[in-house]
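# Results of the structural survey
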Amino acid sequence: MKRMFTVMLVLFSTLMVQAQYHNQRVLQKSFEQTDFFFRSNIPNPYGLGEFGSSAIGLVDDPLLNIQLNPAFMNLSLKGNHWVYLNFRNDLEKKEHQSYYFYPMYRDYIWYPRYYQQSRSVLNPIFSGAYMARVIPEKVALGVSYQLLLSDEAYYDIPQDIYKSELGYDYSGTRMSAEDKDIPIVDKYKGADEMHHRAHFLNAYANWRIHSRVTLGARVGLTTFDRQGEWGKLNQDDRNIYYNQFSKHMDWQTRNQNYDHIDASGGISLKVSSKTRLAAQGGYLRGDVDQDYTKENEFLYQHGERNTGTDWSYRDGLGSKIQTWKMNGHAWSGGVSLLSDLSDQHRLVIYGQTRQHESDIDLASAIHDTSFYSYHNEYEYDNVYRIYDSESRYGLQDNRTGLGAQEEHYYRLAVALQWQLTKSSRLSFGLNWTSLARTIETIESVRSYRESYHVWSRQEVSEVDKNEYISETQEIKDLKWDFEANMLDFQIPVYYQQKIGDHVELVLGFNRRMRDNDIRDVTLAIYDYFYQRHNGSETEKTNFGERYTEPAEHRSEVTTTVLAGLVIKPSERVEIRLLASPIYRDTYEGSELDEIQWWLDFSLTP
């Protein structure tokens, strides 16, 4: 009786978790977005935490000035040669995730119903730059390089239309089967790893063609590769005196490849002895491919099938192949004003924009099946009893899709650089950013799902049988409309204080407030729908169903603190050690979200 109760509980549980197959979830939600996709990637010497984006215009630095305009490269070069080297530790960040989590907005959207998971943030482990005035007062050239190397444990895609626990089928039943003709001797095989590799290369040129006119240019190349693998294969003979056997295989691989080339040019006009006006424009072209494969196989045997009085059997087979392709381009532009209000005050005002468009191609093929059988015969109280159970599950889901993504970015900033005394300097500013992103996809879906359950109990006095049959066929198009708008406001403050001739204290502060709105609508247009459930049949054609997620409006407030020391052993060597904790406001108060340190070297040989 205890065995029968256990079997009934397992069967009931498998029926309750069939919702793990999200048949109305679109594929693009499973694409893994990374911050440097379709972005110009220039080294930022103050890019710790959330201080980096507001440091442009706030701190006088050659690499930061290039991000204002390539024509500003020569403004703050010290000497005829300048070398910059940066080393940093890995950054662990708490990710806030929930059922309504969108991977493409993970860095600035979170929800009340969330859990936290710490993961390494992808950032270069080395950054370097070299700039030189090849013709003094006329021509300057430069190059920069960043290397990203990161290894971590394998993690699954953020969202999936077929989101099951590893090794289970869509209904929650443990999967699968080895071919009986192939002997297995490995107890464990495979890996649990995720590798990330990226290279960011930029070349710069600056040419003063007139006492008042300077031209600048930049060409950049970014390549990124993400490879992940999780695998396991084992075989188990648990008890040689009790005929029981188990085979199992799990295997997942994820790959993502991205590359882009971008170029920008700028012009700077010295309208007076203390004021410069500048304009710049740029173009980027890139593409990213992502694929995901998954296999689940399982075979369990207790006794031989259809032999003896007590036997059970479970096998299964699962597979999945999914691909994402994005090809896109972006136009960028900006204007800036640098004005020396006095010998102690410099005003920096600039505006930037970026318009990005990408074409999307999607494909998915899922095949899944499972089988469970149970049989038991015994005699109790002079009554001979026979119990039978049989369950079959099936799933097929094939998709192809197209789509487009647009992004509109605007930034307006103002900063004041103030030389307080000969040994101290204070800078503060205001930054306003607007980002609007829309994604539209359409997927053609052909899916078939079935479930079959039989239960039988035979005794001398009675015969029971319980049948459960479910079948669903769908031919449909899923149209997904996603819209997200972000407003970002930052107040940065940066302070430098010399302590003697060789040491300088650095303090920084950045208050960031973000407001986000999300709209998410999926429209299912059915060409054909058929469902059979316990003898009841439903068949429909040419109809639609709309799935509208609740509108999300979320605000986020963070505080970044920057602290460090600058050591100058000589006029030609500068060593800078910076540390930056970030505090995030939550429902329970402010909490430490992440912390990182940087070690920089600046040389002027």
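Located above this text is the structure these notes cover.
What comes next concerns the included structure. (Residues numbered from 1 in each chain as written. Predicted model: local features only at pLDDT ≥ 70, side-chain atom pairs only at ≥ 80, totals over all residues. Heavy atoms only, no water.)

What follows concerns the overall build of the chain. A count of helices and strands for the chain gives three helices and 20 strands. The 605 residues of the chain split such that 49% are buried. Excluding contacts between residues fewer than 6 apart, the proportion of contacts in the chain whose partners are at least 24 apart in sequence is 75%. Accessible area for the chain stands at about 28100 Å²; split by element, carbon and sulfur atoms hold 55% of it. (Helix = DSSP H or I, 4+ residues; strand = E, 2+ residues; numbered from the N terminus. Buried < 20%, exposed > 50% of the residue type's maximum accessible area, 1.4 Å probe, protein only. Contact = heavy atoms within 4.5 Å. Areas by Shrake-Rupley, 256 points an atom, 1.4 Å probe, with all protein chains shown as cover.)

This part takes up the layout of surface pockets. Taken as a whole, the second largest pocket spans an internal volume of roughly 790 Å³. Secondary structure elements with two or more residues in the lining of the second largest pocket: strand 11 (345-380), strand 12 (383-421), strand 13 (424-458), strand 14 (463-499), strand 18 (552-570) and strand 19 (573-586). When residues of the lining of the second largest pocket are assigned to their parent elements, the largest contribution, four residues, is made by strand 14. Residues of the lining of the second largest pocket, tallied by class, amount to eight nonpolar, 14 polar and 15 charged. (1 Å grid on protein atoms, 1.4 Å probe; cavity = no way out; pocket = protein on both sides within 12 Å on 5 of 7 lines; lining within 4 Å. Points joined across faces, edges and corners; volume = space filled by probe spheres on them. Nonpolar A, V, L, I, M, F, W, Y, C, P; charged D, E, K, R; others polar.)

This next bit is on the nonpolar core. The biggest cluster of nonpolar side chains holds 33 residues, and the ones touching the most others in it are Tyr46, Met131 and Tyr494. When residues of this core are assigned to their parent elements, the largest contribution, four residues, is made by helix 3 (residues 62-68). Residues within four places of tyrosine 494 in sequence aside, it is in contact with Tyr46, Phe51, Leu58, Val59, Arg425, Leu426, Ser427, Val506, Leu507, Gly508 and Leu562. (Core = buried A, V, L, I, M, F, W, Y, C linked by side-chain atoms within 4.5 Å.)

The residue serine 364 is located in strand 11 in this model. Overall, serine 364 belongs to the buried group, its relative accessible area being 5%. C-alpha separation for the pair serine 364 and glutamate 443, spaced 79 residues apart in sequence, amounts to 9.9 Å. Side chain to side chain, serine 364 and glutamine 322 meet in a polar contact 3.1 Å long. (Polar contact = N/O pair within 3.5 Å; in protein donor to acceptor, adjacent residues only side chain to side chain.)

Another point: the environment of leucine 420. Looking at the secondary structure, you find leucine 420 in strand 12. Sequence separation of leucine 420 and glutamine 496 is 76 residues, and the distance between their C-alpha atoms is 9.8 Å. When neighbours within four sequence positions are excluded, leucine 420 is seen to be in contact with Arg425, Leu426 and Tyr495.

Among all residues except glycine, the phi angle is most often negative; among peptide bonds, the trans geometry is most common. Phi is positive for phenylalanine 38, which is not a glycine, with a value near 55°. Assessed through its relative accessible area of 2%, phenylalanine 38 is described here as buried.

This next bit is on the pattern of salt bridges. The final tally for this structure, using the stated rule, is 20 salt bridges. The closest approach of N and O atoms between glutamate 32 and arginine 254, which form a salt bridge, is 2.8 Å. Here the residue glutamate 32 occupies a position in the loop between helix 1 (2-16) and helix 2 (52-55), and arginine 254 occupies one in strand 8 (residues 244-270), the gap between them amounting to 222 residues. What makes arginine 254 buried here is its relative accessible area of 3%. Note that arginine 532 is salt-bridged to glutamate 471, the shortest N-O span being 2.9 Å. A residue pair is termed long-range when its members are at least 10 positions apart, and arginine 532 in strand 15 (residues 503-533) and glutamate 471 in strand 14 qualify at 61 residues. Given the relative accessible area of 29%, arginine 532 is considered partly exposed. Classification of glutamate 471 as buried rests on a relative accessible area of 10%. Connected through shared salt-bridge partners, Arg39, Arg354, Glu407 and Arg437 make up one network. (Salt bridge = Lys/Arg side-chain N within 4 Å of Asp/Glu carboxyl O.)

This paragraph deals with the packing of aromatic side chains. A full pass over the atoms with the stated rule returns 16 aromatic pairs. When the centroid spacing of 5.2 Å and the interplanar angle of 75° are considered together, the rings of phenylalanine 36 and phenylalanine 200 count as edge-to-face. Here phenylalanine 36, found in the loop between helix 1 and helix 2, pairs with phenylalanine 200, found in strand 6 (residues 192-208); they are 164 residues apart in sequence, far enough to count as distant. A relative accessible area of 3% means that phenylalanine 200 is categorised as buried. Geometrically, the ring pair formed by phenylalanine 87 and phenylalanine 126 is tilted, given 5.6 Å between the ring centres and 50° between the ring planes. Within this pair, whereas phenylalanine 87 is found in strand 1 (residues 81-88), its partner phenylalanine 126 is found in strand 4 (residues 126-135), the two being separated by 39 residues in sequence. Looking at phenylalanine 126, the relative accessible area reads 23%, which means it is partly exposed. Linked through ring pairs, Phe36, Phe37, Phe38, Phe200, Phe224 and Tyr258 together constitute an aromatic cluster. Lying across the ring of tyrosine 409, arginine 354 places its NZ or CZ 4.5 Å from the centre. (Phe/Tyr/Trp six-rings, centres within 6.5 Å; stacked < 30°, edge-to-face > 60°. Lys NZ or Arg CZ within 6 Å of the ring centre and 35° of its normal.)

All right, on to the environment of glutamine 256 then. Along the polypeptide, glutamine 256 turns up in strand 8. Separated by 225 residues in the primary sequence, glutamine 256 and phenylalanine 31 have C-alpha atoms spaced 9.8 Å apart. Every residue in contact with glutamine 256, bar those within four places of it in the chain, is listed here: Phe31, Glu32, Thr34, Phe37, Phe224, Asp225, Arg226, Val288, Asp289 and Gln290. A polar side-chain atom of glutamine 256 sits 2.6 Å from a polar atom in the side chain of glutamine 290.

Keep in mind these numbers describe shape, not what the thing actually does.
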